[in-house]
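Tertiary structure, described
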Amino acid sequence: MAFIVAFAIEMFGVPFSMFAIGWLFGFTLPEGILWGHTLGNYIGLWGMYVGIIVSLAGAALVILGWNKIHKDYWSKETGQGELVKTGIYKYIRHPQYTGFFMITLGMMFEWATLPLIILYCAFIVIYYKLAKREENDMVKEFGDEYIAYRKKTKMFIPYVV
């Protein structure tokens, strides 16, 4: 849903509004501030290549995280799986969110417009709050085991955050 809202605002809402306002007052905005391939003039096609690599790595994290969580937690017959601490979860607690961050960041390497940057910051804040809420649920479900796991692993980026 967040992607659809961001896409609608990015593609139609803000850019069109700024275009119309600029036209109304007789000025034009510099190319790329609200639309277009903003980094193309500075890094050429490398933005696209880096963006693709970062986005694919992010998609891999999403798939790895979902696969591990589904296999070890969600697919148990009783509905209660075990705390997942292996695979990608050995290094970070929220690989799927990190993957979403990377996919979106990959888009920005080619298309870093002002609305997208603002929405990306909001996206990170919203997912950070969601991750904290989920972690509280995990403490309720797994208690000290999850607290110990949380102390050993980083939230989004291995060895960093």
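Details of the structure are given in the entry above.
Overview of the structure. (Residues numbered from 1 in each chain as written. Predicted model: local features only at pLDDT ≥ 70, side-chain atom pairs only at ≥ 80, totals over all residues. Heavy atoms only, no water.)

Let us look at the overall build of the chain. Tallying secondary structure elements over the chain gives six helices and zero strands in all. Walking the chain from its N terminus toward its C terminus, one meets helices and strands in the order α-α-α-α-α-α. Residues counted as buried form 32% of the 161 residues belonging to the chain. Look at the contacts in the chain between residues 6 or more apart in sequence, and 71% of them connect residues 24 or more apart. (Helix = DSSP H or I, 4+ residues; strand = E, 2+ residues; numbered from the N terminus. Buried < 20%, exposed > 50% of the residue type's maximum accessible area, 1.4 Å probe, protein only. Contact = heavy atoms within 4.5 Å.)

For the structure shown, the criterion picks out 11 aromatic pairs. Aromatic rings pair up to connect Tyr 97, Phe 100, Phe 101, Tyr 120, Phe 123, Tyr 127, Tyr 128 and Phe 156 into one cluster. (Phe/Tyr/Trp six-rings, centres within 6.5 Å; stacked < 30°, edge-to-face > 60°.)

In the contact formed by helix α3 (residues 46-74) and helix α4 (residues 95-110), the axes pass within 7 Å of each other and the chain directions differ by 165 degrees. Taken together, the axes of α3 and α4 are roughly antiparallel relative to one another. The crossing of α3 and α4 is left-handed. When grouped by side-chain class, the residues that make up the contact of α3 with α4 number 16 nonpolar, nine polar and one charged. (Axes fitted to C-alpha atoms, helices over the stretch in contact; angles between N-to-C directions. Parallel < 35°, antiparallel > 145°, perpendicular 65-115°, else oblique. Left-handed = near helix turned anticlockwise from the far one by under 90°. Nonpolar A, V, L, I, M, F, W, Y, C, P; charged D, E, K, R; others polar.)

Within the secondary structure, Ser 55 is located in helix α3. What makes Ser 55 buried here is its relative accessible area of 18%. Apart from the residues within four sequence positions on either side, Ser 55 is in contact with Met 102, Ile 103, Gly 106 and Met 107.

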